[in-house]
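Below are the chains, spelled out letter by letter.
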Amino acid sequence: MNKPQKFLIAFLTTMVVVFGAVVIRVWALKPPVGFKVAAIPAGEYDPAVWGKSYPLQYKSFQKNLESAPSPTGYGGSVKEQKADRQPEIYTNFKGNPFSKDYTEDRGHPYSLDDLRESKRIGPTSKGACITCKTPQLEAFYNEMGWSYANKPLEELLNRSQHPVSCANCHDPETMNLRVINPAFIEAMARRGYDVTKASQEEMRSFVCGQCHAEYYFAPGTSQVIFPWDKGVTPQEMYQYYAAKPHDFGQDFFQPDSQVPVLKAQHPDFEEWQNGTHGKFGVSCADCHMPYMRENGRKYSSHWMTSPLRTIEDSCFPCHTENRDQLYNQVKATQDNVWQLQHTAGLLVARGHTAIAKAAAMPGVNREELDKSRELLRRAQWYWDFLAASNSMGFHNSVQGLNTLGQSIDLSNQSIDAANRAAGVNTL
Ligand code: HEC
Ligand code: HEC
Ligand code: HEC
Ligand code: HEC
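The name an unreviewed UniProt entry assigns to the protein chain is nitrite reductase (cytochrome; ammonia-forming), from the organism Propionispora vibrioides. UniProt's Catalytic activity (unreviewed entry) comment on the protein chain is quoted here verbatim: "6 Fe(III)-[cytochrome c] + NH4(+) + 2 H2O = 6 Fe(II)-[cytochrome c] + nitrite + 8 H(+)". Its UniProt record, at the heading Subcellular location (unreviewed entry), says of the protein chain: "Cell envelope".

Enquirer: What's the story with the site of ligand 1 in this structure? I'm lost.
Expert: What surrounds ligand 1 is a group of 27 residues, the closest being Thr72, Cys284, Cys287, His288 and His395. Asp105 is positioned with one of its side-chain polar atoms (N or O) 3.0 Å from an oxygen atom of ligand 1. Listing elements by their share of the shell around ligand 1, those giving two or more residues are helix H12 (268-273) and helix H14 (284-288). Of the residues in the shell around ligand 1, the class split is eleven nonpolar, 13 polar and three charged.

Enquirer: Looking at this structure, how should I read the pattern of salt bridges?
Expert: Close approach of charged atoms allows side chains with opposite charge to pair. The tally for this structure, following the rule as stated, stands at 18 salt bridges. In this structure, Asp256 engages Lys94 in a salt bridge whose closest nitrogen and oxygen atoms are separated by 3.1 Å. Remark: Lys94 occurs in the loop between helix H4 (88-92) and helix H5 (111-117) and Asp256 occurs in the loop between strand E3 (252-253) and strand E4 (260-261); sequence separation between them is 162 residues. With a relative accessible area of 34%, Asp256 lands in the partly exposed category. Residue Glu368 is joined to Arg420 by a salt bridge in which the shortest nitrogen-to-oxygen separation is 3.3 Å. Here Arg420 lies in helix H18 (residues 397-422) and Glu368 lies in helix H17 (residues 366-387), a separation of 52 residues in the sequence.

The rules behind these values
- Residues numbered from 1 in each chain as written.
- Chains lettered and ligands numbered in written order.
- Predicted model: local features only at pLDDT ≥ 70, side-chain atom pairs only at ≥ 80, totals over all residues.
- Heavy atoms only, no water.
- UniProt positions renumbered as here; feature names shortened; annotations may be inferred.
- Near = heavy atom within 4 Å.
- Polar contact = N/O pair within 3.5 Å; in protein donor to acceptor, adjacent residues only side chain to side chain.
- Helix = DSSP H or I, 4+ residues; strand = E, 2+ residues; numbered from the N terminus.
- Nonpolar A, V, L, I, M, F, W, Y, C, P; charged D, E, K, R; others polar.
- Salt bridge = Lys/Arg side-chain N within 4 Å of Asp/Glu carboxyl O.
- Buried < 20%, exposed > 50% of the residue type's maximum accessible area, 1.4 Å probe, protein only.

Here you go:
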């Protein structure tokens, strides 16, 4: 063979290999086709009934009952108290039920059991808590509108048989993806976005974002509100809260320091949006609901757990790195975030102590003391944004580390201000 012939063969071989790789990639990313829509009647909330028509999805959904530690040691499906690893929780949430009972989350089928067992609820708890725990929310909202949120939680819990399941995310008749939480739809509308017009790709994250998001209850009505009017970064959400929307000032006062604290609630959807994968259009379902095969039939896994249990199915459709490289990269990111998160949390706790000591001093400078409280309120919100999110920073490590860095700076500024207020070093 002469030189041009050799080149031609090499060229053609390369083209075939590249073409093959592209075809395999595109095929791996393609959704299952040809599944038969069963037209389940509206108002059917029992996943076992849906499961008769969609056995593969139902079988994987049942795996959400399994309890296991996460492959990285962060998160996982074992119900442990978060304060065991983060004792700063006792100080930072003192005066709030989160200091008494705050456990690691587990699979969707436990959402009602865990709500019933929580020491954070009592006879005065509001119906608003049911919003993200059952598909029966649809029936409550249809029947009562937002006033379900102000009913006693106990009344709605007694009427709820089914934890998070099919009807939270699917229209029973068409199987199209849908969002049933009105708080999500309203918050997106305030940002100029009509959820009913969302693309299929967007819905693969919106169905999760309707629950895995930060919220507050409006005082008086208990209506659930997502604080996204100014944006979804920790800074933008803090600014939103600073304007006391609907007269909502704080979740509680820390009793030692009298800081009006905002408790962050699992802002996974917000965190992901500005992260690498969110920006590149990789959806929650791409990683947490990978395509699987059984007897030649392709389906979306409904086992919503750590994607590191399924690296081949979750990551390989896009990444060429091997298993260990991907695992090690995630783990290293999380270790870095955890270290800074713990440091930030401990420093917030020191801030509460410094302010309490300063406040007890005769002749304390009230203006400096208020400054110190405001700085700590912000420091705690930044720390909690990470502490309350579920991926230990993986969903958005750059923003996460920046937020924790700012938290540490703000706590130090707060402690300085408390010392100035007291006229001596309090710690
Ligand atoms: C690029 C892949 C990817 C995307 C996209 C993604 N996640 Fe994750 N998620 C992960 C990884 C990796 C972890 C960490 C798992 C671990 O530590 O074992 C995680 C952890 C979690 C956890 C905690 C799991 C536990 O064990 O407690 C939740 C909840 C979660 N993600 C929800 C979401 C939601 C909601 C979205 C979309 C808004 C999303 N994720 C988008 C990869 C992803
Ligand atoms: C938390 C949200 C959520 C829940 C709960 C849920 N699904 Fe899905 N389901 C999805 C998403 C996301 C897809 C992917 C849709 C797409 O990309 O077109 C999907 C896809 C499907 C499909 C289409 C075929 C496939 O496998 O992709 C079927 C059928 C299905 N789900 C059945 C069920 C059944 C049955 C249940 C209850 C046992 C259920 N789903 C619960 C989110 C959910
Ligand atoms: C109707 C509300 C709701 C929807 C919709 C929802 N989740 Fe959840 N999710 C929860 C609740 C509540 C828990 C915690 C349950 C518990 O601890 O009892 C949870 C827990 C999880 C966990 C932790 C599981 C474990 O074993 O530690 C993961 C991962 C998760 N969700 C991912 C997702 C993804 C991905 C989607 C979208 C495809 C989604 N969720 C949609 C409410 C929801
Ligand atoms: C649908 C495609 C897609 C899937 C699925 C996906 N990724 Fe990615 N990932 C990307 C893109 C795009 C980037 C950014 C460009 C790049 O670095 O190549 C990225 C970047 C990354 C990075 C570097 C940036 C960062 O955020 O740290 C890591 C690590 C990563 N992915 C891990 C994972 C893991 C682990 C999984 C599976 C749980 C996964 N990815 C699933 C598309 C994907």
